[in-house]
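# Fold and geometry: a report
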Amino acid sequence: MDFDEDKIDDYTLALLYLVTHERHEGLGARAWKGFDWDTLNRLHQQGYLSNPVGKAKSVGMSEQGFLRAKELFERHFARKATVTTLPTFTAEARKRWDQIPDKIVYLDNVWCGQCRASSSTQLREGTMSGRSLVLHGTCKRCGGEVARVIEPVDE
Ligand SMILES: [Zn+2]
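Read on for an overview of the structure. Not measured: the values here are computed from a predicted model.

On the surface, a nonpolar cluster with roughly 360 Å² of combined accessible area is contributed by Tyr11, Leu15, Leu18 and Phe77. Within the secondary structure layout, leucine 15 lies in helix α1 (residues 5-18).

Here it is in structure tokens:
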């Protein structure tokens, strides 16, 4: 069978998050290592895990490995409703937001001045500025601040 090793690495690392114990903030964690040997080795080579060779039933996770495991776990296994987190709105901004027919566009496609590109955005809040709705968030690529102004519709 021909399979996608990158995908297996991703899912395995995500599942390692589920069997993490002994989390040390900033210093990684340990995780039970009952997974495919070759996969664990690849994750080790990528710097996410300590060398899985040895009698211990668990393997060390680097801080980078733990954080990536957490991110992948949330991406692959969180229920959809919790994945798309809506920004918090002021009451007025909320009213305006509810009028927008094609909202998803704004969640996924905001110009980032730092990346100089259209980028996926984690929206944080929406406020009104005059009659325009302003969405504030962070660029998923560079982590920089982005804002998107949605002009009022003239009735
Ligand atoms: Zn950016």
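That shown, we press on.
This brings us to the coordination of the zinc ion. Within the first shell, the zinc ion binds the protein through Cys112 (SG), Cys115 (SG), Cys139 (SG) and Cys142 (SG), at distances of 2.3 to 2.4 Å. Around the zinc ion sit four donor atoms; with metal-centred angles ranging over 106 to 113°, the donor geometry is tetrahedral.

With that settled, the discussion passes to the sheet that holds strand β1 (residues 20-21). Reading across the sheet, the three strands line up as β1-β2-β3 and stay open at both edges, with antiparallel pairing between neighbours. Two strands lie at the open edges of the sheet, namely β1 and β3 (58-61), each paired on one side alone. Note that strand β2 (residues 29-32) and β3 share four bridges and pair antiparallel. Along β3, the bridge assignment pairs alanine 29 with methionine 61.

This next bit is on the nonpolar core. Of all hydrophobic cores here, the largest spans 15 residues; its most connected members are Leu13, Leu16, Leu43, Leu49 and Met61. Taken together, the elements giving at least two residues each to this core come down to α1, β2, α2 (37-45), β3 and α3 (63-77). Element by element, the count of residues in this core is highest for α3, at four residues. Residues Trp97, Ile100, Leu123 and Leu133 belong to the second largest nonpolar core, which totals eight residues.

Basis of the calculations
- Residues numbered from 1 in each chain as written.
- Predicted model: local features only at pLDDT ≥ 70, side-chain atom pairs only at ≥ 80, totals over all residues.
- Heavy atoms only, no water.
- Patch = residues over 30% accessible without salt bridge, like charges linked within 9 Å, V, L, I, M, F, W, Y side chains within 5 Å.
- Areas by Shrake-Rupley, 256 points an atom, 1.4 Å probe, with all protein chains shown as cover.
- Salt bridge = Lys/Arg side-chain N within 4 Å of Asp/Glu carboxyl O.
- Helix = DSSP H or I, 4+ residues; strand = E, 2+ residues; numbered from the N terminus.
- Donors = N, O, S within 2.8 Å, 3.2 Å for Na, K, Ca; no water.
- Tetrahedral: all angles 85-135°; square planar, octahedral: opposite > 155°, others 65-115°.
- Pairing = 2+ DSSP bridges.
- Core = buried A, V, L, I, M, F, W, Y, C linked by side-chain atoms within 4.5 Å.
- Buried < 20%, exposed > 50% of the residue type's maximum accessible area, 1.4 Å probe, protein only.

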